[in-house]
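The chain contents come next:
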Amino acid sequence: MPDAVSSAATSDIVALDAIALSQAIHARKLSCVEVMAAFLDQIERLNPRVNAIVAQRERGDLLKEAAVLDAELAAGHSRGWMHGFPQAIKDLSAAKGFATTQGSPLFKDIIAQTDAIFVERMKAAGSIIIGKTNTPEFGLGSQTFNPVFGATRNAYDQSKTSGGSSGGAAVALALRMLPVADGSDHAGSLRNPAAFNNVLGLRPSYGRVLSGTDEVFIPQLGVAGPMARKTRDLAALLAVQSGYDPRVPMSLREDPAAFLGPLERDVTGLKIGWLGDLGGHLPMEEGVLSLCRQGLAAFEGMGAIVEDVALGFDPEAIWQAWLTLRAWQAGSGLAPVYADPARRDLLKPEARWEVEQGLKVSAFEVMQASGLRSRWYQHLHGLFGRYDILVLPSAQVFPFAVETPWPREVAGRAMDTYHRWMQVVIPVTMSGCPALSVPVGFNAAGLPMGMQLWGPNQSELLLLQVAQAYEDATGWVDRRRPGLLDG
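The numbers attached to residues start from 1 for each chain and follow its sequence in the written order. For a predicted model such as this one, the threshold for reporting local features is a pLDDT of at least 70, and the threshold for listing and counting side-chain atom pairs is 80 or more; totals across whole chains, interfaces and linings nevertheless cover every residue. Hydrogens are left out, water is left out, and the side-chain values use all remaining heavy atoms of the structure.

It is worth spelling out the sheet that holds strand S2 (residues 86–90) at this point. Note: two strands are recorded as paired if DSSP finds a minimum of 2 bridges between them. Each helix is a run of DSSP H or I of at least 4 residues and each strand a run of E of at least 2, with the numbering of both proceeding from the N terminus. One open sheet accounts for three strands, arranged S1-S3-S2; its pairing is mixed. This sheet does not close on itself; its edge strands, each paired only once, are strand S1 (53–54) and S2. Pairing of S2 with strand S3 (residues 128–133), which is carried by five bridges, proceeds in the parallel orientation. Bridge pairing in S3 links glutamine 87 to isoleucine 129.

What follows is the structure, encoded as structure tokens:
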């Protein structure tokens, strides 16, 4: 194609870390057109193998938009750090001009007329929206497949799942089809796919990254957030996505520029509490805990203090309270569809189950569950008085067969719900505190895993600094590239 850069140039451009790519664009070493063409070539080459990016815009239109941004730079105007960046938005969030299908045929033809707040900010910073990234139907489950676009396959093994629900985003990142990516997380949806694809996913504190304005007073269990291959890129994207907005009264007022400073930190003496499998409460596939232990050994090698710590709070009580709140929030959103017999059959079984569970929940039960969540937070506050961060695995299993909707058992223990196999992420979700999934390596089958660095409320900067030290010591993203990149 006449507008495509050479294969060698494509490889060089898409291999750049996002900050380095931004610097090259602003130094006029790379044009926005060259960058767009390189990423579109990468998508054309690899996306058919994994199905991570969906609803993609026409190439010619995207190159024209990139040319406009080149003209702006030539005139001395930069929109921001992401000037000229190709971006695809997770298909649970609104991007103007695209259908927010949520992976459901019910919404595949309804075009968004506005952007989610964090999408507004990414566009204002110069990104060009090229399409959407794939997600499970309604974001339910940590396995990305749906009847609209199909399944997204793992970046490292195409016979396995990408995880979810930000599965498309994680795979697009790992295969250098996007420089950075957005996602969202209720039950591990930024953390699980990051672990399954050897990249980084940050679940921010509630109110840090803003999405919609449909509900602004009841604290939600789900939050939007950034994904990246490198910690500094993650911090830069978080700075773009963050910030107060008067449309969302509970949004945080901290200056997002705080995330743009140096991330170097001496972790000598840093106290890390290792929670493992919560004292045997959580079944774990063989190899998960040992890989996390190796990751913790890297911290010990830098002078951090790692101690095994008991949770000191009933994890099953946390889980049961979460089930109530999950059914109330997730079920409420789907209830109008469920109430229509003509549309109910278009909901996958897990979606119908969420509504049916929600219909059983009383207002008193919601308050009781919220009360337990509050007690859990106060208990956790005490733990963070003893430890700077806590650490858990990011998942209880390695990536499984892409045809498997969800694991029916883990380590011989039956799973009683479609999301029980991801219970390890729920204590974090219920705390409202931030957690950052970092890679810890691969099992004998070559499948990735990660661990959650979990900090006190609004401690994103601390987590980024700790993750940067860990990245400098381990460098997993560069050490083990997906084979598709070299094929």
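Next, the rest of the story.
Among the surface-exposed residues, Phe217, Ile218 and Met250 lie close enough to one another that they form a single nonpolar patch of about 280 Å² accessible area. Here methionine 250 shows up in the loop between helix H8 (231–241) and strand S9 (271–274). Patch criteria: residues need more than 30% relative accessible area and no salt bridge. Like-charged residues are merged within 9 Å; nonpolar side chains of Val, Leu, Ile, Met, Phe, Trp and Tyr are merged within 5 Å. To measure how exposed things are, a 1.4 Å probe is used in the Shrake-Rupley method; for residues, cover is taken only from the protein chains shown. One side-chain nitrogen of Lys or Arg within 4 Å of one carboxyl oxygen of Asp or Glu is enough to make a salt bridge.

Once that is clear, we can look at the state of the cysteines. To count as a disulfide, a pair of cysteine sulfur atoms needs to be within 2.5 Å. Scanning the entire structure with this criterion turns up zero disulfides. Of the cysteine sulfurs around cysteine 292, a residue in no disulfide, the closest is that of cysteine 433, at 20 Å.

Working definition: with a 1.4 Å probe on protein chains only, accessible area under 20% of the residue-type maximum means buried, over 50% means exposed, and in between means partly exposed. Of all eight residues making up helix H6 (residues 167–174), eight are buried, and the element is well covered by its neighbours. Regarding H6, the residues found buried are Gly167, Gly168, Ala169, Ala170, Val171, Ala172, Leu173 and Ala174. The contact criterion used is simple: two residues touch if any of their non-hydrogen atoms lie within 4.5 Å. Next to the buried residues of H6 lie helix H3 (32–50), S1, S3, strand S6 (181–185), helix H7 (191–196) and strand S8 (223–228). Backbone geometry just downstream of H6 places arginine 176 in the positive-phi region, at approximately 60°.

The next point concerns unusual backbone geometry. Going from glycine 164 to serine 165, the amide bond is cis rather than trans, its omega being 10°. Here serine 165 shows up in the loop between strand S5 (150–151) and H6. Positive phi, close to 65°, is recorded for arginine 28, a residue that is not glycine. Among the secondary structure elements, arginine 28 is positioned in the loop between helix H2 (18–26) and H3. Unlike most non-glycine residues, glutamine 102 shows phi in positive territory, near 55°. By the secondary structure assignment, glutamine 102 is in the loop between S2 and helix H5 (117–124).

Take the sheet that holds S8 next. Sheet architecture is open: eight strands sit in the order S6-S8-S7-S14-S15-S11-S9-S10, paired in mixed fashion. In this open sheet, the two edge strands, each paired with only one partner strand, are S6 and strand S10 (305–308). Averaged over all pairs of adjacent strands, the angle between strand axes in this sheet comes to 30°, irrespective of strand direction. Pairing of strand S11 (residues 389–393) with strand S15 (residues 448–454) involves four bridges; the strand directions are antiparallel. Following the sheet pairing, leucine 390 is matched in S15 by tryptophan 454. Strands in contact with H6 are S6 and S8; relative to S8, the strand with the most contacts, it is inclined by about 15°. For helices, the fitted line uses only the C-alpha atoms of the stretch in contact; every axis is such a line through C-alpha atoms, and the angle between N-to-C directions lies from 0 to 180 degrees.

Counting through the fold element by element, arginine 420 comes out in the loop between strand S13 (413–414) and helix H14 (426–431). Owing to a relative accessible area of 11%, arginine 420 belongs among the buried residues under this scheme.

Looking now at the packing of aromatic side chains. The relative placement of two aromatic rings is captured by the distance of their centres and the angle of their planes. To pair, rings of Phe, Tyr and Trp, with the six-membered ring standing in for Trp, must have centres within 6.5 Å; the planes then decide the type, stacked if under 30 degrees apart, edge-to-face if over 60, and tilted in the middle. For the structure on display, the rule yields eleven aromatic pairs. An aromatic cluster is present here, built from Phe313, Trp376, Phe384 and Trp454 joined pairwise through their rings. We count a charge as sitting over a ring when the NZ of a lysine or the CZ of an arginine lies within 6 Å of the ring centre and within 35 degrees of the ring normal. If you follow arginine 408 out to its NZ or CZ, it ends over the ring of tryptophan 406, 3.8 Å from the centre. Lying over the aromatic face of phenylalanine 442, arginine 480 brings its terminal NZ or CZ to 4.3 Å of the ring centre.

Below, the discussion takes up the nonpolar core. Met451, Leu453 and Trp454 are the most contacted members of the largest nonpolar core, which has 156 residues in total. Residue contributions to this core peak at ten residues, all from H3. Those residues within four positions of leucine 453 in sequence are excluded, and the remaining contacts are Phe299, Ile389, Leu390, Val391, Pro434, Ala435, Leu436, Val438, Leu463, Val466 and Ala467. Throughout this description, the term nonpolar core refers to a set of buried Ala, Val, Leu, Ile, Met, Phe, Trp, Tyr and Cys residues connected via side-chain atoms within 4.5 Å.

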